[in-house]
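Fold and geometry: a report
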Amino acid sequence: MKKKTGSTEVKARCPDSDLMLLVMKELTNLNHESGDNKLKNLEILTLSHPRERRKSLYILNPNDNSVQEILKFSPPYRSWFIGNTIESDGKIYLSSNIDPLFLILPYVFEAKMSSTFDQIINDDDFSDAIKLESIIAEEQLSMIADQKKCGDLTVWKYNEEKTMQWLEKKVNKVSDVLERKGIHVGTASAASNTYVISMNKKESHENYVRYAHGIVSDYLKSEVSEKLLQHLGLPPLEVNSKKRKNTDLDPEEIKKLKKQCAEKETTSKYFNEDVKPEKNPRKNVKKAQLAKAATGTKSISSFFKKK
């Protein structure tokens, strides 16, 4: 499968795999003249997902210290037409830029003591995590952690206040883009155009911020996501407690209802057993007439018996 971006085809192959990933020229900052040589430096990393700690793939580009997440879309009943052939595997792999600090944050958050950076990101389950050390500058790491130096030794410790301020900027950027493009969002999902127009500006902006918080939280641990929600001053979504209160019953009322249901079930069972449905009178009359007409007649087989 091939895809062209401008006049340049940019392809990267995963090691020990037949997977061919199409990388956009703009995302890798490659030009037509030197693109083929620089592309060889791209590396596919297997890292832990920052929220769910599941295996996920990323592209490390040492040319500009950028990281791209590999997203797989696998809709059912899809194939690709490639030239004169049909490829039954309809999956598509796309790459999208991601701030590498999101991949570092879970390790810094879970570190209980001040430690060096290489000790923090040392992961026995995901050995590629140590490769992020070369692309994270101290200025970036200081956005989520405090730095302490003792001679030549530099240690880091998670700072919640710094992290919340950094994440707030991320949420505001996403919210501004959603609002500027007029994407309709509700308190938790897309809303109709009429609903958005009917809201005042304060309510509408709050919904955009809440929606943006949900997008950013896809890359945050649940504890950090909850802290961020509090930092943004957003109240948690209510689960319609009024309906529950109205439908809640006292124990005495529940007993009465159970008793009534039991009595009703017993009564219906009694009638079902004792009351038998009447037979169709027309069918009975026809049977009587046939029996009367058949009196004194012989069966056809009796004529073929030996005398």
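One structure accompanies this document, and this report is about it. The structure presented is a predicted model; accordingly, all values stated were derived computationally and were not measured. (Residues numbered from 1 in each chain as written. Predicted model: local features only at pLDDT ≥ 70, side-chain atom pairs only at ≥ 80, totals over all residues. Heavy atoms only, no water.)

Quick notes on the side chain of Ser217
For Ser217, the position within the fold is in helix H8 (residues 201-217). Taking relative accessible area as the criterion, Ser217 reaches 5% and is therefore assigned buried. (Helix = DSSP H or I, 4+ residues; strand = E, 2+ residues; numbered from the N terminus. Buried < 20%, exposed > 50% of the residue type's maximum accessible area, 1.4 Å probe, protein only.)

Considerations on the packing of aromatic side chains
Taken as a whole and judged by the stated rule, the model has three aromatic pairs. With a centroid separation of 5.0 Å and an interplanar angle of 45°, the aromatic rings of Phe102 and Trp166 are classed as tilted. With a gap of 64 residues between them, Phe102 in helix H3 (residues 101-110) and Trp166 in helix H6 (residues 160-180) connect regions that are remote in the sequence. Accessibility expressed as a relative area gives 8% for Phe102, which makes it buried. Within the aromatic cluster, the residues linked to one another by ring pairs are Phe102, Trp166 and Tyr219. (Phe/Tyr/Trp six-rings, centres within 6.5 Å; stacked < 30°, edge-to-face > 60°.)

So, helix H9 (residues 222-231)
The set of residues buried in H9 consists of Val224, Ser225, Leu228 and Leu229. Seen along its axis, H9 keeps its buried residues to an arc of 140°; they face one direction. Away from its buried face by more than 90 degrees, H9 exposes Glu226 and Gln230. Positive backbone phi, approximately 75°, marks Gly233, located one or two places after H9. (Arc of directions from axis to C-beta.)

Some words on H6
The end-to-end C-alpha separation of H6 is 30 Å, in line with the 30 Å expected for 21 residues at 1.5 Å each. Restricting attention to buried positions, one finds in H6 the residues Thr163, Met164, Trp166, Leu167, Val171, Ser175 and Leu178. For H6, the N-terminal cap is Asn159; the gap from its side-chain oxygen to the backbone nitrogen of Glu161 is 3.0 Å. One or two residues past the end of H6 sits Gly182, with phi positive at roughly 70°. (Expected span 1.5 Å × (residues − 1). Polar contact = N/O pair within 3.5 Å; in protein donor to acceptor, adjacent residues only side chain to side chain.)

A closer look at the pattern of salt bridges
As enumerated under the stated definition, the model contains nine salt bridges in all. We note a salt bridge from Lys91 to Asp89, for which the minimum N-O separation is 2.9 Å. The class for Lys91 is partly exposed, based on a relative accessible area of 25%. In this structure, Asp99 and Lys170 form a salt bridge, with 2.9 Å as the shortest nitrogen-oxygen distance. Of the two residues, Asp99 is situated in the loop between strand S8 (92-98) and H3 and Lys170 in helix H6; the sequence distance between them amounts to 71 residues. Connected through shared salt-bridge partners, Glu43, Asp128 and Lys131 make up one network. (Salt bridge = Lys/Arg side-chain N within 4 Å of Asp/Glu carboxyl O.)

Description of the packing of H3 against H6
Running from N to C, H3 and H6 cross one another at 150°; their axes reach a closest spacing of 13 Å. One element, H3, and the other, H6, form an angle in the roughly antiparallel class. Crossing geometry of H3 relative to H6 is assigned as left-handed. On the side of H3, the interface is formed by Leu101, Phe102 and Leu105, while H6 contributes Thr163, Trp166, Leu167 and Lys170. The residue makeup of the contact of H3 with H6, split by class, is five nonpolar, one polar and one charged. (Axes fitted to C-alpha atoms, helices over the stretch in contact; angles between N-to-C directions. Parallel < 35°, antiparallel > 145°, perpendicular 65-115°, else oblique. Left-handed = near helix turned anticlockwise from the far one by under 90°. Contact = heavy atoms within 4.5 Å. Nonpolar A, V, L, I, M, F, W, Y, C, P; charged D, E, K, R; others polar.)

From the geometry alone we can't say anything about function, so treat these as descriptive.
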